[in-house]
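# Structural overview
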Amino acid sequence: MTLLPGSTIGMLGGGQLGRMFTVAARTLGYRVLILEPDFHSPAAQLSDDHIIAAYDDEVALTAFGQRCDVITTEFENIPAQTLEFLAQFCPVRPSAHAVKMAQDRIVEKEFVRACGLQPVPFAAIHTAADIAAAPHSIQFPAILKTARMGYDGKGQVTVHSVAEAQAAFAQLHGVACVLEQRMELEREISVILARSVGGEVRCFPVAENEHHNGILHQSIVPARIDAALAAAAQAAATRMADKLEFVGVMAVEFFVTRQGELLINEMAPRTHNSGHYTLDACITSQFEQQVRMVCELPFGATDLLSPVVMVNMLGDLWHDAQPNWLALLQSTNTKLHLYGKHEARPGRKMGHYCTLTPQLDDALTEAAHIFQQLQ
Ligand SMILES: Nc1ncnc2c1ncn2[C@@H]1O[C@H](COP(=O)(O)OP(=O)(O)O)[C@@H](O)[C@H]1O
Ligand SMILES: [Mg+2]
């Protein structure tokens, strides 16, 4: 059933993705109710109301569920039981099943294979003996990654031998991991897509992503790849969404190797940092599209209006004072987005900006110049 403006959308999680969703939803006339344990949250500053509770607090979840017409999420590590519990009150989009698939790297990579797609060569690691056997399937150097709860490069150690991998595994307290071959990358790209209750899919233009220290630094759109590779990435992401019967907005991150292979890195069952460019450069943003999908509205067009470079601003830029905002705001074709976080910490995503120019190279030069002045 279509939920029209005036309906209440419940959002699990109160980070910046929830905040930008909230703006999009309220712009369209929806009410937004956030459930998030932290009192200070970027999304709750702008929402209609905020329930401060843990994600497993069934009394709070009941109160939340009873007030919502539909529930969605911005946080992929929401316990699957929470989503299942909430489904008794109203539709939960995406489903617990789809979210669960992205919560464990081992499950996720097996799912990628089941879709007929190629993950990065990996070995599932449950014991030190699994590491000793790994050289059969992967080569060093490799990256040991915790199977669960990793983000922004956290829970990852680069290792050069079985002995180093075993030491790193012990350091990670022997939790389940994947040992992934470290690939020589030509570039990284991502696809953000939306899938409707009826099973239709629309992809946003492919983004090219540069990471620093495992954290996204900038997204460049359109990606500097040929049309066939872009189409292959969109087809792969669509296949994954279909197989999950996904409803909402999701993202797939890819590696393009020096040999030209397209490998799946990981997926996210939610809007994605590499899709922030859509806020300023597309007819419909990824956040408006999420509102449209969960409320069973038609798709918004995903056309790119201008080449764009999106740059993340991490807490590192704050030092002891505010960054040089005027240097950024002097650029008449750059859009600033700040997330309202009270404390700047190294590696913490505080905001981003998008620079738009008719020629992509000009946006790259200007965005880099601004970044230099912000430091
Ligand atoms: N196997 C790999 N080979 C080469 N680079 C990698 C590999 N795994 C991760 N990276 C680099 O680290 C970044 C973050 O890793 P990712 O697995 O996406 O973790 P997270 O969940 O923290 O985003 C990637 O975008 C890429 O730049
Ligand atoms: Mg990633």
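Described below are features of the structure shown in this document. The structure presented is a predicted model; accordingly, all values stated were derived computationally and were not measured.

Calculation notes
Residues numbered from 1 in each chain as written. Chains lettered and ligands numbered in written order. Predicted model: local features only at pLDDT ≥ 70, side-chain atom pairs only at ≥ 80, totals over all residues. Heavy atoms only, no water. Phe/Tyr/Trp six-rings, centres within 6.5 Å; stacked < 30°, edge-to-face > 60°. Buried < 20%, exposed > 50% of the residue type's maximum accessible area, 1.4 Å probe, protein only. Lys NZ or Arg CZ within 6 Å of the ring centre and 35° of its normal. Near = heavy atom within 4 Å. Polar contact = N/O pair within 3.5 Å; in protein donor to acceptor, adjacent residues only side chain to side chain. Areas by Shrake-Rupley, 256 points an atom, 1.4 Å probe, with all protein chains shown as cover. Helix = DSSP H or I, 4+ residues; strand = E, 2+ residues; numbered from the N terminus. Pairing = 2+ DSSP bridges.

### Regarding the packing of aromatic side chains
For the coordinates displayed, the defined rule picks out 3 aromatic pairs. Arranged with centres 5.6 Å apart and planes meeting at 70°, the rings of W318 and W325 form a pair that is edge-to-face. We note that W318, like W325, is buried. Residue placement shows K109 over the ring face of F122; its charged tip is 5.6 Å from the ring centre.

### Some details on the site of ligand 1
Taken together, 21 residues form the shell around ligand 1, and within it K145, G153, Q181, E188 and E266 come nearest. In this structure, a nitrogen atom belonging to ligand 1 sits 2.9 Å away from a main-chain N or O atom of M183. Taking N265, its side chain carries an N or O atom lying 2.8 Å from an oxygen atom of ligand 1. In isolation ligand 1 exposes 540 Å². Once the protein is present, 90% of that is buried.

### Some thoughts on the pairing of strand β9 (residues 185-195)
In the case of a regular strand, side chains alternate between the two sheet surfaces. By the criterion of burial, β9 is predominantly enclosed, with 8 of the 11 residues buried. Note: β9 against strand β13 (residues 248-257), 10 bridges, orientation antiparallel. The residue bridging I192 from the neighbouring strand is A251, located in β13. With 3 bridges joining them, β9 and strand β11 (residues 207-212) adopt antiparallel strand pairing. Along β11, the bridge assignment pairs S190 with A207. Here 3 bridges tie β9 to strand β10 (residues 201-203), and the two strands are oriented antiparallel to one another. Opposite A194, over in β10, you have R202 as the bridge partner.

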